[in-house]
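Observations on chain architecture
What follows is the residue order along each chain.
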Amino acid sequence: MDAITAIRRRTSVRRFRPDPVPRETIETLLDCAVRAPNHKLTEPWRFAVLTGAARDWFAELRARHRLTRFADPASDEARTAVEKMRLETERTPALVVIMCAVSPDEKTREEDYAAAMMATANLIIAAESLGLGTYLRTGGLMQEPDAPTLAGLERGFRSVGIQSLGYPEAEEPPRRRRAAAELTRWVSRR
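Described in the following lines is the structure provided in the data block. Since we're looking at a predicted model, the values are computed, not measured. (Residues numbered from 1 in each chain as written. Predicted model: local features only at pLDDT ≥ 70, side-chain atom pairs only at ≥ 80, totals over all residues. Heavy atoms only, no water.)

**Quick look at the nonpolar core**
In summary, soluble globular proteins display a tendency toward joint burial of nonpolar side chains. Spelled out, the test is: Residue types Ala, Val, Leu, Ile, Met, Phe, Trp, Tyr and Cys, when buried and joined through side-chain atoms within 4.5 Å, form a set referred to as a nonpolar core. Exposure categories follow from relative accessible area, calculated using a 1.4 Å probe and restricted to protein chains: below 20% of the type maximum is buried, above 50% is exposed, and the middle band is partly exposed. In this text, helices come from DSSP runs of H or I with a minimum length of four residues, and strands from runs of E with a minimum of two, each type numbered from the N-terminal end. Contacts are assigned to residue pairs with any non-hydrogen atoms lying within 4.5 Å of each other.
Residues Ile 26, Leu 29, Val 96, Leu 123, Leu 132 and Leu 165 are the most contacted members of the largest nonpolar core, which totals 21 residues. Elements with a minimum of two residues in this core: α2 (23-33), β2 (94-101), α5 (106-129) and β4 (157-166). At six residues, the largest contribution of residues to this core is made by α5. Ignoring anything within four residues of it in the chain, the contact list for Leu 165 reads Phe 16, Val 21, Ile 26, Leu 29, Thr 92, Pro 93, Ala 94, Val 96, Ala 127, Leu 132, Gly 133 and Thr 134. Counting residues in each nonpolar core, the second largest holds 13 residues, with Phe 58, Leu 61, Leu 95 and Val 97 among its members.

**Brief notes about the sheet that holds β4**
Note the cut-off: We treat two strands as partners when DSSP finds at least two bridges between them. Where helices are involved, their axes are fitted lines through C-alpha atoms of the stretch in contact, as for all axes, and angles between N-to-C directions lie from 0 to 180°.
Taken in spatial order, the four strands line up as β1-β2-β4-β3 in an open sheet, and their pairing is antiparallel. One side of each edge strand has no neighbouring strand; the edge strands of this open sheet are β1 (45-50) and β3 (133-137). Within this sheet the neighbouring strands show an average axis-to-axis angle of 25 degrees, counted without direction. By the bridge criterion, six bridges tie β1 to β2 in an arrangement that is antiparallel. Following the sheet pairing, Trp 45 is matched in β2 by Cys 100. Each of β1, β2 and β4 is contacted by α2, which is oriented at about 165 degrees to β1, the strand it contacts most. With respect to the sheet, α5 is in contact with β1, β2, β3 and β4, its orientation differing from that of β4 by roughly 10 degrees.

**Some points on the side chain of Ser 164**
Test applied: Pairing of N or O atoms within 3.5 Å defines a polar contact, subject to two protein rules: one partner must be a possible hydrogen donor and the other a possible acceptor, and residues neighboring in sequence count only if both atoms are side-chain atoms.
Structurally, Ser 164 can be placed in strand β4. Within the local environment of Ser 164, its side chain forms a polar contact with the side chain of Arg 137, the two groups lying 2.8 Å apart.

Below, the structure written as structure tokens:
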């Protein structure tokens, strides 16, 4: 499938078939990721691919993190939500942790973060073009104390996203987005 079709079809996928994603396919996706634009070619990205026991450890990490959102972590509501999250993660064939260098220079740090997220977008579009589904997680989970150990985070790097990867359980149409024309201003004069 061509890139434009992949972009237009892409949607976040949470449920995957149990089929493993071949290592060679993941390597192809990562090769696409590192082709992202990158100012001064700092190549600020690093990746960790989690499968099997590492993926299951991540499922526990997500479960612990989710419990922090509940006033009563022992409630039925909390236990149900945590178990659902744990199963969803354990049923994900592969996870890719995206890491980014943290430069002491603020401008470089911003450019490197942008490059790491463009690498992530390349991975997502390449996955879609091969019939794979993805779901990107960012935010608070990146701050979990055990996350750096799980991903083998190098000194001077931080986690910026965790990409679920697998063959979608079912086809889902892309969610509605506003037309670009509604969000664009054309400027031809000063």
